[in-house]
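The residues making up each chain are set out below.
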Amino acid sequence: MPPIYINRGKIMAIKDIQQEILRLKKENDICILAHCYQEPEILEIADFTGDSFGLSVSASKVKNKTVIMCGVRFMAETVKILSPDKKVILSNADAGCPMAEFMDKELISQVREQFPDYLVVAYINTTSELKTVCDVCVTSSSALKICSQLDSDKILFIPDKNLGSWIAKQLPDKEFKLLHGCCPTHAKMTAEDVKKAKNAHPDALLLVHPECDPEVVELADYVGSTTGIMDYAKKSAAKEFIIGTENSIVTHLQLECTDKLFYPLSKDCICHNMKATTLVDVLNCCKGIGGEEIELDEETRLGAKRCIDKMIELG
């Protein structure tokens, strides 16, 4: 029996909801973006899937006037920054990001005054308002390259101290200052989790996200972004992998690579903000009765875009 949703007293199969979403998005000229941490039934009806910044770039190239982001708030804000003329809807208004919300514009402005000779590098996982007082954005896949190309040898990296630490170790000629911020989901994984996973699966390679604690990263066979982890696993000749990022990636890889085995590094590596979005949320957005429209004042949008433009300039 197929999975079901209960909607106004009627039982609806997931495939029926998906078909209605596909009909409505075509009828209403909608583009659907789904971050790869979303559930498979949402990825299946999306026009684009992947990491947050890549989704924003894809949205900026389509002709659709309405874009639904199945992800978290800072991702929807990035879509709006790059596509100001589009109506951008966050599929679930409660889907935030603790790391992105950990620091604000006022705090970083004060820190800049204390360290005026440091360039402020902001992980893309930050609010649009915070980006306005930063020098350049980075993604997890571009951070090392961009930091290595900066003219300054002094870098204040925010908000993720773990990603910043990973980059700093590879750029010993640069001086990094890190503040106390991180992704609480990735920070749950420990070296003890690695030990247990390796004991259970001794032949498996360990693939982790650089948002993990340094003690976990040091034990990894591969460190990279979410899409980097997925690409590595797909192309590798190895047959078993322990995945050190959000557990939905284990599911996606199991579905895409049925000839290989994938295990979560920790059963607790679950982003509840990403899981807040449901297929019915997406349906309601397509009906025009759900989600939240993202609106940014032009000063904030342009200030944040400057930070993103510098990232694009540096590659």
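Every value quoted in this text rests on a predicted model; they were computed, and no experiment measured them.

Peer 1: I'd like a rundown of the sheet that holds strand β3 (residues 30-35), residues and numbers included.
Peer 2: If you trace the five strands from one edge of the open sheet to the other, you get β4-β3-β5-β6-β15, paired in mixed fashion. Across the chains shown, the open sheet's two edge strands, defined by having one partner strand only, are β4 (48-50) and β15 (292-293). Pairing of strand β5 (residues 66-70) with strand β6 (residues 87-90), which is carried by four bridges, proceeds in the parallel orientation. Note on β6: the bridge partner recorded for V67 is V88. Against the sheet, helix α14 (residues 279-287) makes contact with β3, β5 and β6, and its axis sits at roughly 165 degrees relative to β5, the strand it touches most.

Peer 1: Let's hear about helix α8 (residues 161-170): which residues, and what values?
Peer 2: The complete set of buried residues in α8 reads N162, L163, G164, S165, W166 and I167. Of the residues that open α8, the one with a side-chain oxygen 3.0 Å from the backbone nitrogen of N162 is D160.

Peer 1: Could you give me a rundown of the nonpolar core, with the residues and numbers involved?
Peer 2: With 87 residues, the main nonpolar core has F157, I158, I167 and I243 as its most contacted residues. The biggest single contributor to this core is helix α4 (residues 73-82), with six residues. Every residue in contact with I158, bar those within four places of it in the chain, is listed here: M103, I108, V120, V121, A122, Y123, L130, C134 and L179.

Peer 1: Summarise the layout of surface pockets; cite the residues concerned and give the values.
Peer 2: Roughly 460 Å³ of volume is contained in the largest pocket. Forming the boundary of the largest pocket are 34 residues, of which H35, Y37, M75, N125 and E211 lie nearest the centre. Residue assignment for the lining of the largest pocket shows that the elements contributing at least two residues are α3 (52-61), α4 and α9 (184-187). The class makeup of the residues in the lining of the largest pocket is 15 nonpolar, 15 polar and four charged.

Rules used throughout
Residues numbered from 1 in each chain as written. Predicted model: local features only at pLDDT ≥ 70, side-chain atom pairs only at ≥ 80, totals over all residues. Heavy atoms only, no water. Pairing = 2+ DSSP bridges. Helix = DSSP H or I, 4+ residues; strand = E, 2+ residues; numbered from the N terminus. Contact = heavy atoms within 4.5 Å. Axes fitted to C-alpha atoms, helices over the stretch in contact; angles between N-to-C directions. Buried < 20%, exposed > 50% of the residue type's maximum accessible area, 1.4 Å probe, protein only. Polar contact = N/O pair within 3.5 Å; in protein donor to acceptor, adjacent residues only side chain to side chain. Core = buried A, V, L, I, M, F, W, Y, C linked by side-chain atoms within 4.5 Å. 1 Å grid on protein atoms, 1.4 Å probe; cavity = no way out; pocket = protein on both sides within 12 Å on 5 of 7 lines; lining within 4 Å. Points joined across faces, edges and corners; volume = space filled by probe spheres on them. Nonpolar A, V, L, I, M, F, W, Y, C, P; charged D, E, K, R; others polar.

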